[in-house]
Amino acid sequence: MPTVELLMPKLGESIIEATILSWNKKVGDTVEIDEPVLEIATDKVDSEVPSEVEGTIIEILYNEGDVVPVGKAVAIIDIGGGDAPVVEKTPVSEPAKVVEQINEQVNKAQETVSDSNLSNANSSRFYSPLVMSIAKEERVSMKSWKQ
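Below is a short write-up of the structure. (Residues numbered from 1 in each chain as written. Predicted model: local features only at pLDDT ≥ 70, side-chain atom pairs only at ≥ 80, totals over all residues. Heavy atoms only, no water.)

**Digging into the overall build of the protein chain**
Formally: Helix numbers and strand numbers start at the N terminus; a helix is a DSSP run of H or I with at least 4 residues, a strand a run of E with at least 2. In this description, contact between two residues means that some pair of their heavy atoms is separated by no more than 4.5 Å.
For the protein chain, the count of helices and strands is two helices and eight strands. Put simply, the protein chain runs from its N terminus to its C terminus through helices and strands in the order β-β-β-β-β-β-β-β-α-α. Contacts spanning at least 24 positions in sequence make up 55% of the contacts within the protein chain whose residues lie at least 6 apart.

Listed below in structure tokens is the structure:
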């Protein structure tokens, strides 16, 4: 049973908590995307909290009148889909593949910069690989960069 946590939203930079005024839904009720699930109040604003998913409320974690920190789960919504997991676990070997791909890209970028007829070694200033690449494409020589 895949589930999603309905989180207490951040309503402003200085808002760190909100009070639950009332629940518009109860356990077992179905909700649509953007349908208001509960009403909350902060020291600055009263607001409704909409559902971000379609599903059935299976658990309410706080009662009316409770003060809940921003970012905490206030309810659990079953989004259906049978026994499929919500998040697939990434195999352990996957991060190694990503690191290998990144290293390959870095090596290609270094080769491009070193293959260029431009060289940072002749200059007391540092030019990023992006600047060097643009200069190569535009056929700008290092001699014109000296001040």
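**What to know about the sheet that holds strand β4 (residues 36-41)**
Defined as follows: For two strands to count as paired, DSSP must find a minimum of two bridges between them. The angle between two axes is taken between their N-to-C directions and runs from 0 to 180 degrees, where each axis is a line fitted to C-alpha atoms and a helix contributes only its stretch in contact.
Ordered by their spatial adjacency, four strands build an open sheet running β5-β4-β2-β7, and the pairing between neighbours is antiparallel. Of all the strands in the sheet, the pair left with one neighbour each is β5 (46-50) and β7 (67-69). The mean inter-strand angle of the sheet, taken between neighbouring strand axes irrespective of direction, is 45 degrees. With four bridges connecting them, strand β2 (residues 17-23) and β4 associate as antiparallel partners. Along β4, the bridge assignment pairs I20 with I40.

**So, the pairing of β5**
When β4 meets β5, the two strands line up antiparallel, connected through five bridges. Residue pairing for β5: E39 is matched across the bridge by E48. The antiparallel pairing of β4 with β5 creates a hairpin that spans four residues between the two strands.

**Describing unusual backbone geometry**
Glycine aside, the phi torsion of most residues is negative, and most peptide linkages are trans. Here is the rule: Classification of residues uses two cut-offs on accessible area relative to the type maximum, computed with a 1.4 Å probe and protein chains only: under 20% is buried, over 50% is exposed, and between them is partly exposed.
At D34, a position not held by glycine, the phi torsion is positive, near 70 degrees. Positionally, D34 belongs in the loop between β3 (30-31) and β4. Given the relative accessible area of 58%, D34 is considered exposed.

**Here we look at the environment of I40**
Positionally, I40 belongs in strand β4. Spatially, the C-alpha atoms of I40 and S22 are 7.1 Å apart, while their sequence positions differ by 18 residues.

**Some thoughts on the environment of K10**
Topologically, K10 is positioned in the loop between β1 (3-7) and β2. Sequence separation between K10 and V70 is 60 residues; the distance between their C-alpha atoms is 5.6 Å.

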